[in-house]
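For reference, the chains in residue letters:
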Amino acid sequence: MTITDQQPLGSPFSAATPAEDIVADCDLSGMTAVVTGGYSGLGLETTRALAAAGARVIVPARRPHVARAALQGVKGCEVIPMDLADFASVRSAAAHISDSAGRLDLLMAIAGVMATPERRVGPGWEGQFTANHFGHFTLACELYPLLGAAGGARVIVNSSAGHTLTGIRWHDPHFRTGYDKWLAYGQSKTANALFAVHLDALGHNDGVRAFALHPGKIITGLQREMALQEQIDRGWVDEHGNVIDADFKTPSQGAATGLWAATSPLLDGRGGLYLEDCDIARVSTPDQPMDDGGVRTYAIDPDEAARLWDLSVAATGVTPIPR
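These figures come from a predicted structure and were not determined experimentally. (Residues numbered from 1 in each chain as written. Predicted model: local features only at pLDDT ≥ 70, side-chain atom pairs only at ≥ 80, totals over all residues. Heavy atoms only, no water.)

*Asks:* Quick one: what's the story with the pattern of salt bridges, residue by residue and with numbers?
*Replies:* Per the counting criterion, the structure on display carries ten salt bridges. Its salt-bridge partner being Glu45, residue Arg48 comes within 3.9 Å of it at the nearest N-O pair. Residue Arg48 and its partner Glu45 are both found in helix α2 (residues 41-52); the two are separated by three residues, about one turn of the helix. According to the relative accessible area criterion, Arg48 is partly exposed, its value standing at 40%. The residue Arg103 makes a salt bridge to Asp105 at a minimum N-O spacing of 2.5 Å. Arg103 sits in the partly exposed class, given a relative accessible area of 36%. (Salt bridge = Lys/Arg side-chain N within 4 Å of Asp/Glu carboxyl O. Helix = DSSP H or I, 4+ residues; strand = E, 2+ residues; numbered from the N terminus. Buried < 20%, exposed > 50% of the residue type's maximum accessible area, 1.4 Å probe, protein only.)

Below, the structure written as structure tokens:
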């Protein structure tokens, strides 16, 4: 991937495209997908669309009983327990998947938390960085042999326009000197984008390609940690919680970019790119507002991506993917 690759292709789809239109002509029979967060919001729309196109979908869930209830009636779908903030749980889920599947065609890293109160995990790690990045990093590394066996797997990582809030805070990634919930969220979303960059660099010789994306602005369970008044103050919703911001997508529209990343032949032979609105995003400048779209150069920088990868291997203790 070079920065010059980070520009729109002219996709036939757009911000308004719903999930079902993306997969309308896709036959995913015989393919296996893992969708984290696949039982609510964008993840639920993603699971439904992949299953409707014929894929076998495995949904790791922190609340398996809730997931099974949400996915009742979705054929070709199974739920397994997993907590992204608990690496033993992630490894157990990966082992379960490895026992039941000989290959993995799609890994959709959709689950996440946003703007949460300060939480410490393990040896004092910041909670959003741990769940959003370290958890998915661990899962992808544990499942890498299955991805390599697919001969053309794609890994899709949900980042966010929130990445524009900050790059990786190398001096204090775990906010030990004072917590800011939005900077912590922004850092975790930058980490998601950088993770895709380096995973693609390591995996492309095995046919494993990775993409990060901004799904758009959508009200889902992701906002559950935010007070209603905070959402009102941001102009997102009215006092009854109804969406009033015209820029918000439906959950189906929000799922579309990830599904396009997973299935589009336009992305064959490409990887390490940041996507939005069912196309490759352009590079944005540091003075551009978050909601103007695009990706900051620090979130697709190969050197930053390699540095974060090494930090993540050291923190999680995963078996490194061969360089």
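The structure having been displayed, the exposition proceeds.
*Asks:* Tell me about the sheet that holds strand β9 (residues 273-276), and name the residues and values.
*Replies:* Spatial ordering of the open sheet is given by β3-β2-β1-β4-β7-β8-β9-β10, a layout of eight strands whose pairing is mixed. Both edges of this open sheet fall to β3 (77-81) and β10 (279-280), since each of them pairs with a single strand only. As paired strands, strand β1 (residues 32-36) and strand β2 (residues 56-61) are joined by three bridges and run parallel to one another. When the sheet's bridge partners are listed, Val34 is paired in β2 with Ile58. Against the sheet, helix α8 (residues 251-263) engages β4 (106-109), β7 (154-158), β8 (209-214), β9 and β10, with an angle of about 160° to β7. (Pairing = 2+ DSSP bridges. Contact = heavy atoms within 4.5 Å. Axes fitted to C-alpha atoms, helices over the stretch in contact; angles between N-to-C directions.)

*Asks:* Which residues make up the packing of helix α5 (residues 127-149) against helix α9 (residues 302-316), and what values go with them?
*Replies:* Relative to each other, α5 and α9 sit at 85°, their axes nearing to 11 Å. Considering the angle they form, α5 stands roughly perpendicular to α9. From α5, Phe129, His133, Phe134, Phe137, Thr138 and Cys141 reach across to α9, where they touch Leu308, Trp309, Leu311, Ser312, Val313, Ala315 and Thr316. Its residues assigned to classes, the contact of α5 with α9 shows nine nonpolar, four polar and no charged. (Parallel < 35°, antiparallel > 145°, perpendicular 65-115°, else oblique. Nonpolar A, V, L, I, M, F, W, Y, C, P; charged D, E, K, R; others polar.)

*Asks:* Please give an account of the packing of helix α6 (residues 181-203) against α9 that cites residues and values.
*Replies:* Helix packing for two helices is described by the angle between their axes and how far apart those axes are. Packing of α6 against α9 leaves a shortest axis separation of 8 Å and a crossing angle of 90°. Our classification of the angle between α6 and α9 gives roughly perpendicular. Residues Ala191, Leu194, Phe195, Val197, His198, Leu199 and Leu202 of α6 form the contact with α9, whose participating residues are Pro302, Glu304, Ala305, Ala306, Leu308 and Trp309.

Coordinates in, geometry out; function isn't part of it.
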